[in-house]
Amino acid sequence: MCASQFIDSDEIRSRFSKAMSEMYRLEVPQYSTLLELVADINESTMADAGHGMQVSAPERNRLQVERHGAIRLGKASELADIRRIFAVMGMLPVGYYDLSSAGVPVHSTAFRPVADESLLRNPFRVFTSLLRLELIEDEALRERARTILARREIFSARALELVRQFESNGGLTSEEADEFVGEVRETFRWHREATVDADTYREFHDAHRLIADVVCFKGPHINHLTPRTLDIDAAQVEMPRRGIGAKELIEGPPSRRHPILLRQTSFKALEEAILFPNGAGHEDGTHTARFGEIEQRGMALTREGRELYDTLLAQVNARSDERYEVRLAQAFASFPDDLGALREQGLAFFRYEVKDAARLKDMADAGAGFDLERLIESGIVVAQPVTYEDFLPVSAAGIFQSNLGESGRTHGKGNSARDAFEASLGAPVLDEMELYERASRESLEQVRSAFETKVAS
Ligand code: OOG
Ligand code: NI
């Protein structure tokens, strides 16, 4: 097989993301409404020059296809296989999220592209959780869950065969990629038939709804797909107008002139009809798992910026005398909302770009040394915030809880098990901070080498 016949992983991911979106549209009609709503809001935000939202053409293209999804797996081998499957699509595990501190018995990573060009092409991400059976207290129930999960096989033999082919040949042809996308999509399809009887379902459900969602079904149905909006406050107001009941609060930081990290809202999970096997026939039941979500992405924060974010958010959660939005705004008043300040104080990541090559050359010729601040001040180089491509554990916990029908924010003991997670995954997760640092550093090196070549020529 000649390598040139292979299509690139970015193309496979784009096809997969499209296939998932088409499937979810048919499965959950409210998702189509969300997509229309977000497209309308993005269009009017971009048309409104006063909004100050400058979106470049490649960013616009990315925005139109941008989605993230979420799945919940039941056993280590499923996590290891999904890592190989997502690798075919150029998606790598980034970050470790411990949800146990919020009382949810899972830990997670986000599979996503990491290279700048790949993110621009299609940033499709999947928040992937693994059930932690060891957190089920009842030993008999834990063992039953283990037995049920041990029997299931969530990937088709053909999907795994195509993964092996990709791994040994270094790629897939266009036809093979289409077949692969079709096979993998089936793993995430909704199944109306539970694999256990109603009593068993009830027992798992009573231990934790999430355990029932993972253990009692044939596979890890995709539980939401999220489009990205440029104005989540507008989306939150618009959702009920279009007949969608939004959760009460937007997760994440407050509304700002220069958005940071990630803000998210969702509609509550649907109560869906399911069938429990019962002797030769079946028994009717319901299950709630699938929901819809909208997000707005802001800039990635450095370790210092993230520490400040976590500290301020903890202050909001600790106080309860005022309305949440008021407390949130008050706490975040001390987080600078000025691009210059964010950069100078090292709170956010920036990417550097030469805007005026002629004047860069003049400066270099004049014998000035490389002085980034001066180049920025004189408008020769611009510093653009780097987009946050990951998730937030406190927000994720809020999304989980609003969809599990729990009220209030519970804070459990917290029991991080990153080593065990990576052992199940079969690889370490990438450190998102390193990825942002690298993107920023490489852009600066490019500017510096442009300056130095100008001197030489
Ligand atoms: C995942 C919830 C986390 C997000 O956007 O933070 C998530 C789940 O419910 O399985 O998707
Ligand atoms: Ni989500």
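Here the structure is a predicted model, which means the values were calculated and not measured.

Parameters at a glance
Residues numbered from 1 in each chain as written. Chains lettered and ligands numbered in written order. Predicted model: local features only at pLDDT ≥ 70, side-chain atom pairs only at ≥ 80, totals over all residues. Heavy atoms only, no water. Helix = DSSP H or I, 4+ residues; strand = E, 2+ residues; numbered from the N terminus. Contact = heavy atoms within 4.5 Å. Areas by Shrake-Rupley, 256 points an atom, 1.4 Å probe, with all protein chains shown as cover. Lys, Arg positive; Asp, Glu negative; His and termini not counted. Charge placed at Lys NZ, Arg CZ, Asp CG, Glu CD. Salt bridge = Lys/Arg side-chain N within 4 Å of Asp/Glu carboxyl O. Buried < 20%, exposed > 50% of the residue type's maximum accessible area, 1.4 Å probe, protein only. Core = buried A, V, L, I, M, F, W, Y, C linked by side-chain atoms within 4.5 Å. Donors = N, O, S within 2.8 Å, 3.2 Å for Na, K, Ca; no water.

Q: It is not clear to me how the overall build of the protein should be interpreted in this structure. Could you clarify?
A: Tallying secondary structure elements over the protein gives 19 helices and 13 strands in all. The principal-axis extents of the C-alpha atoms in the protein amount to approximately 85 × 65 × 40 Å. Taking the contacts inside the protein whose residues are at least 6 apart along the sequence as the reference set, 74% of them involve residues at least 24 apart. Counting every atom, the protein has about 20,200 Å² of accessible surface; 48% of that belongs to carbon and sulfur. Positive and negative side-chain charges in the protein, numbering 56 and 75 respectively, have mean positions lying 1 Å apart.

Q: What should I look at first to understand unusual backbone geometry in this one?
A: Leaving glycine aside, a negative phi is the common case for residues, and trans is the common case for peptide bonds. Here Leu261, not a glycine, exhibits a phi torsion of approximately 50°, which is positive. Note that Leu261 resides in the loop between helix H11 (232–241) and strand S8 (262–267).

Q: For this particular structure, what's the right way to read the pattern of salt bridges?
A: Proximity of charged atoms lets side chains of opposite charge pair with each other. Counted by the stated rule, this structure contains 44 salt bridges. With its nearest N and O atoms 2.6 Å apart, the salt bridge here joins Arg121 to Glu11. Of this pair, Arg121 sits in helix H5 (residues 116–121) while Glu11 sits in helix H1 (residues 9–27), and the two are 110 residues apart along the sequence. Look at Glu11 and you get partly exposed, because its relative accessible area is 22%. Residue Arg125 is joined to Glu389 by a salt bridge in which the shortest nitrogen-to-oxygen separation is 2.7 Å. With Arg125 in strand S5 (residues 125–131) and Glu389 in the loop between strand S13 (381–385) and helix H17 (393–403), the pair connects residues that are 264 residues apart, well separated along the chain. Across this residue pair, the class does not change: Arg125 and Glu389 are buried.

Q: Got a minute to help me understand the nonpolar core in this structure?
A: As a rule of thumb, soluble globular proteins bury nonpolar side chains together. Core analysis: the biggest nonpolar cluster contains 70 residues, and Leu99, Phe204, Tyr309, Phe332 and Phe335 have the highest contact counts within it. Broken down by element, this core gets its largest block of residues, five residues, from helix H10 (residues 209–215). Beyond its immediate sequence surroundings of up to four residues, Phe335 is in contact with Arg256, Ile260, Leu301, Gly305, Leu308, Tyr309, Leu312, Leu342 and Leu347. Judged by nonpolar contacts, the second largest core, of 52 residues, contains Val28, Leu79, Leu270 and Ile294.

Q: I tried to follow the side chain of His221 on my own but got confused; where do I start?
A: With respect to the helices and strands, His221 occurs in the loop between H10 and strand S7 (224–227). Once residues within four sequence positions are removed from consideration, His221 is found in contact with Ala70, Ile71, Phe188, Arg189, Trp190, Asp213 and Ala289.

Q: I'm lost on the coordination of the nickel ion (ligand 2) in this one. Help?
A: Reference geometry at the metal: tetrahedral coordination by four donors gives ideal angles of 109.5 degrees; octahedral coordination by six donors gives 90 or 180 degrees. Protein coordination at the nickel ion (ligand 2) comes from His68 (NE2), His224 (NE2) and Glu293 (OE), with a distance range of 2.1 to 2.2 Å. Site description for the nickel ion (ligand 2): donor spacing in sequence, H-x155-H-x68-E. On the criterion of sequence distance, the pair formed by His68 in strand S2 (residues 67–73) and Glu293 in strand S11 (residues 292–297) is long-range, its members being 225 residues apart. Residue classification places His68 among the buried residues on the basis of a relative accessible area of 2%. The buried category is assigned to Glu293, whose relative accessible area is 2%.

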